[in-house]
Amino acid sequence: MTLHLPNAAGELKAYEPRAEPLTFDTGAPLASRVVYSAAHVVADPLADTTPDSPAAVDWDATLAFRRHLWSHGLGVAEAMDTAQRGMGLDWAGAAELIRRSSAEAKSVGGRIAVGVGTDQIAPGASLKDVRAAYEEQLAVAEGAGAQVILMASRALAAAANSPQDYVDLYGHLLRQATEPVILHWLGPMFDPALEGYWGSSDLDAATDTFVEIIKAHSDKVDGIKVSLLEAQREVDIRRRLPNGVRCYTGDDFNYPELIAGDERGFSHALLGIFDPLGPLAAKAVRTLDTGDVDGFRQLLDPTVELSRHLFQAPTRFYKTGVVFLAWLSGHQDHFTMVGGLQSARSLPHFARAYELADQLGLFPKPELAEARMKNLLALYGVTS
C-alpha cells in the first residue's frame, strides 16, 4: 500500500511503508542501568465525557500496556506527566491508577515508581496546603507499596517566595518518607507553570538549591530525574551528586549519550519516549550490559529523530504522539485520549511520526499500522 502523507507544507507525498518490523525478545533482566518507561493511560472511548470531565480510563488496556513494558524488563514510572497528570488525569484518577498498577506490578514482579504531587488542591494554595497535599499523596503511594517519585508541584512554584521554602518543604517530606525517593525536576518546556522552580529562573542558582537539598538528605534520595533537555547541565548535576544517588535522565532529546555516559559516570533512565520505544530500548540496554557501547548507540541513536519530533514545542503535547503510536502498534483499539488531547497535534505531525516509527521498524504488525494510518488520513479528508 502506498500512503500519501501530508508534510509540514501541506503537500501530499507518496510513502511506501516498511514490510517487516524489528523483532524483540523479552530477554534477561536489565543489569547495567535502571530503566523506567513513563507510561500513558488508555482512555475509555465509549464513555460519555467532555474535556472537563474526570478521566474515563480503560483499566484493562492500561494495565495490559504496563505488562507489555514489564515483559521487556523495563520499570514503569506511573502517574507521571506521560499519563496526562494535570492534563486530563486528576488526582482521583491518578490515585486509582497508582493502586491498580502497584497491585499489578506485585502480581508479575515488575518494578514500579509512582508520582506524588499536589494536583488535588486549587490555585492560590498556601505552603501549608502544599505540604498537606504532598503528604496525602505520599500516604497513598506508600500504602500501595510503590517507590515514590516526588514530582515538581505547580502549587509550590506559585506559593514559594524563596529557595528556602523549597529547602524547608522538601526536607520535611524527605524526613517523612519511609523509603528513599526519586526527586523530579521538570522544566518549563514540559509545564510552563514550573518556571522558576527551586526558587529561581536562573538555572545555575536553581541547581545549587536542588543539589543542597539532595546532599542534606542523601540517605532518603534514591535518585533524581532531570527533564531540562540540556545534556551538559544534566552531566554537571550528575557529577555533583553524593555517592549512591542515581541520576535518571529525563532528556528525551539526548538520552543515548547520557545513558551511555563517559569516564566519570552515566545516567539511568526515566523517559516518556521509552513508552513507544520500550522493546527497542530494552534491547539496546541489554547490548550495553555486555559492554558494547557502540552497539547500544547503533540501536538507540536512530530513534532520536522520532523522539525530537514527538517532543517538539509545545513539548507538553508529546503525550498525543505517544498514544498515537500505541494505537498504530496495536496496544489499544482506538486513538482517543482523556481530556480530548488527541486533538493537540496536527495531521502532518502524525504523518511524520508514523513515517519515522515505521522506518525504525517499531510496529509489530506493519499492515495494521498502515490500515490505521489510512483510516486517519481518510478522517481528515485525504483519500488519494
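Notes on the structure in this doc start here.

**A short note on the pairing of strand E7 (residues 181-186)**
Item 1. In terms of burial, E7 is largely enclosed, as 6 of its 6 residues are buried.
Item 2. With burial as the criterion, each face of E7 is covered, one bearing Val 181, Leu 183 and Trp 185 and the other bearing Ile 182, His 184 and Leu 186.
Item 3. With 2 bridges connecting them, strand E6 (residues 147-150) and E7 associate as parallel partners. Within E7, the position partnered with Leu 150 by the bridge is Leu 183.
Item 4. Of the strand pairs in this sheet, E7 and strand E8 (residues 221-227) are connected by 6 bridges, and their pairing is parallel. When the sheet's bridge partners are listed, Leu 183 is paired in E8 with Ile 224.
Item 5. Between the parallel pair E7 and E8, the chain is carried across by helix H6 (residues 203-216), and the sense of this crossover is right-handed.

**What to know about the pattern of salt bridges**
Note that side chains of opposite charge can pair when their charged atoms are close.
Item 1. Using the criterion set out here, one finds 17 salt bridges in the structure.
Item 2. The residue Arg 238 makes a salt bridge to Asp 262 at a minimum N-O spacing of 3.7 Å. With Arg 238 in helix H7 (residues 231-240) and Asp 262 in the loop between helix H8 (255-260) and strand E10 (268-271), the pair connects residues that are 24 residues apart, well separated along the chain.
Item 3. Glu 305 is the partner of Arg 352 in a salt bridge, and the nearest nitrogen-oxygen pair spans 2.8 Å. Taken as a pair, Arg 352 in helix H13 (residues 347-360) and Glu 305 in helix H11 (residues 304-310) lie far apart in primary sequence, 47 residues in all.
Item 4. The exposure class of Glu 305 is partly exposed, given its relative accessible area of 46%.
Item 5. Here the salt bridges share partners, and the residues they tie into one network are Glu 96, Arg 99 and Arg 100.

**Some remarks on the sheet that holds E10**
Item 1. Pairing in this closed barrel of 8 strands is parallel, and the strands run E3-E4-E5-E6-E7-E8-E9-E10 around the ring. For this sheet the average axis-to-axis angle between neighbouring strands, irrespective of direction, equals 25°.
Item 2. The pairing of strand E4 (residues 75-78) with strand E5 (residues 112-116) spans 3 bridges and is classified as parallel. Paired with Ala 77 across the bridge in E5 is Ala 113.
Item 3. Seen against the sheet, helix H1 (residues 59-71) touches strand E3 (35-38), E4 and E5 and runs at an angle of roughly 140° to E4.

**As for the side chain of Arg 372**
Item 1. With respect to the element layout, Arg 372 can be found in helix H14 (residues 366-379).
Item 2. Looking at Arg 372, the relative accessible area reads 13%, which means it is buried.
Item 3. Engagement of the side chain of Arg 372 in a polar contact is seen with the backbone oxygen of Trp 327, the distance being 2.5 Å.

**Quick notes on the packing of helix H9 (residues 278-289) against helix H10 (residues 293-300)**
Item 1. Look at H9 against H10: their axes get within 7 Å of each other, and the N-to-C directions meet at 170°. By the criterion of interaxial angle, the relationship of H9 to H10 is roughly antiparallel. When the axes of H9 and H10 are compared, the crossing they make is left-handed. On H10, the residues that touch Leu 280, Ala 281, Lys 283, Ala 284, Val 285, Thr 287 and Leu 288 of H9 are Val 293, Gly 295, Phe 296, Leu 299 and Leu 300.
Item 2. In terms of residue class, the contact of H9 with H10 is built from 9 nonpolar, 2 polar and 1 charged.

**Some remarks on H6**
Item 1. Here H6 contains 14 residues, and its C-alpha end-to-end distance of 20 Å stays within 8% of the 20 Å for a straight helix at 1.5 Å per residue.
Item 2. Between the side-chain oxygen at the start of H6 and the backbone nitrogen of Asp 204 there is a gap of 2.8 Å, and the oxygen is on Asp 202.

**With respect to the nonpolar core**
Item 1. Counting residues in each nonpolar core, the largest one holds 117 residues, and the members touching the most others are Tyr 197, Phe 274 and Phe 324.
Item 2. Per element, the largest residue contribution to this core is 8 residues, and it comes from H13.
Item 3. Excluding its chain neighbours within four sequence positions, the residues that come into contact with Phe 274 are Val 35, Tyr 36, Ser 37, Leu 69, Leu 74, Tyr 255, Ile 259, Ala 269, Ala 281 and Leu 300.
Item 4. Ranked by size, the runner-up nonpolar core spans 11 residues in total, among them Val 34, Ala 113, Tyr 248 and Leu 270.

Reading guide: rules and limits
- Residues numbered from 1 in each chain as written.
- Predicted model: local features only at pLDDT ≥ 70, side-chain atom pairs only at ≥ 80, totals over all residues.
- Heavy atoms only, no water.
- Buried < 20%, exposed > 50% of the residue type's maximum accessible area, 1.4 Å probe, protein only.
- Helix = DSSP H or I, 4+ residues; strand = E, 2+ residues; numbered from the N terminus.
- Pairing = 2+ DSSP bridges.
- Right-handed = clockwise from strand over helix to strand, strands pointing away.
- Salt bridge = Lys/Arg side-chain N within 4 Å of Asp/Glu carboxyl O.
- Axes fitted to C-alpha atoms, helices over the stretch in contact; angles between N-to-C directions.
- Contact = heavy atoms within 4.5 Å.
- Polar contact = N/O pair within 3.5 Å; in protein donor to acceptor, adjacent residues only side chain to side chain.
- Parallel < 35°, antiparallel > 145°, perpendicular 65-115°, else oblique.
- Left-handed = near helix turned anticlockwise from the far one by under 90°.
- Nonpolar A, V, L, I, M, F, W, Y, C, P; charged D, E, K, R; others polar.
- Expected span 1.5 Å × (residues − 1).
- Core = buried A, V, L, I, M, F, W, Y, C linked by side-chain atoms within 4.5 Å.

Without other data, these values stay purely geometric and don't point to any function.
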